[in-house]
Amino acid sequence: MSREDELKELANELSRAVETARRVGLSTTAYLLSMALVEVREAVADGEGDDDGAA
């Protein structure tokens with residue numbers, strides 16, 4: 001499995017986790033998972049699968 005495929009799979013898992021957190025009323029958890037999802041989607045879009053967030 002390629003790095004891009006792994007990131008897409010992670011994005012799908014994060015999306016499901018966000019929905020579950022919202023459904024059970026864990027708003028802070030849903031927010032944090034949403035921010036992680038944004039990062040993963042940006043990495044997929046940028047083709048930067050090995051970005052660790054370090055500047």
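Keep in mind that this is a model prediction, so the values were computed, not measured. Sequence order sets the numbering: in each chain, residues are counted from 1 along the sequence as written. Only residues with pLDDT of at least 70 are given local features in this predicted model, and only at 80 or more are side-chain atom pairs given and counted; all residues enter the totals for whole chains, interfaces and linings. For side-chain calculations, the full set of non-hydrogen atoms in the structure is used, while hydrogens and water are omitted.

Caption draft 1: Region of interest: helix α1 (residues 3-23). In this description a helix means any DSSP run of H or I spanning at least four residues, a strand means any run of E spanning at least two, and both kinds are numbered starting from the N terminus. Helices are assigned an expected span. That span is 1.5 Å times one less than the residue count. For α1, with 21 residues, the first-to-last C-alpha span of 30 Å sits near the 30 Å given by 1.5 Å per residue. Among all positions of α1, only Leu 7, Ala 11, Leu 14, Val 18 and Ala 21 are buried. For α1, the arc enclosing every buried residue in end-on projection is 95 degrees, short of the 170-degree limit, so these residues lie on one face. Seen from the buried face of α1, the exposed residues on the opposite side, beyond 90 degrees, are Arg 16 and Arg 23. Exposure is judged per residue with a 1.4 Å probe applied to protein chains only, and the accessible area is read against the type maximum: over 50% gives exposed, under 20% gives buried, and values in between give partly exposed. Note that the arc is defined by the directions from the helix axis to the C-beta atoms.

Caption draft 2: Up close: the environment of Lys 8. On the secondary structure map, Lys 8 appears in helix α1. With a relative accessible area of 39%, Lys 8 lands in the partly exposed category. Separated by 35 residues in sequence, Lys 8 and Ala 43 have C-alpha atoms that sit 9.6 Å apart.

Caption draft 3: Expanded view of the packing of α1 against helix α2 (residues 27-46). Direction vectors running N to C along α1 and α2 enclose 160 degrees, while the axes themselves pass 9 Å from each other. Here α1 is positioned roughly antiparallel relative to α2, judged by the angle of their axes. Crossing geometry of α1 relative to α2 is assigned as left-handed. In contact with Glu 4, Leu 7, Lys 8, Leu 10, Ala 11, Leu 14, Ser 15, Ala 17, Val 18, Ala 21 and Arg 22 of α1, α2 contributes Thr 29, Ala 30, Leu 33, Ser 34, Ala 36, Leu 37, Val 40, Arg 41, Ala 43 and Val 44. In the scheme used here, Gly and all other residues not listed as nonpolar or charged are polar, with Ala, Val, Leu, Ile, Met, Phe, Trp, Tyr, Cys and Pro taken as nonpolar and Asp, Glu, Lys and Arg as charged. Grouping the constituent residues of the contact of α1 with α2 by class yields 14 nonpolar, three polar and four charged. Axis angles are defined between N-to-C directions and span 0 to 180 degrees, where every axis is a line fitted to C-alpha atoms and, for a helix, only to the segment in contact. In what follows, roughly perpendicular refers to angles from 65 to 115 degrees, roughly parallel to angles under 35, roughly antiparallel to angles over 145, and oblique to any angle outside these ranges. In this scheme, a crossing is called left-handed if the near helix is turned counterclockwise away from the far one by less than a right angle; it is called right-handed if the turn is clockwise. Whether two residues touch is decided by their heavy atoms; if any such pair falls within 4.5 Å, the residues are in contact.

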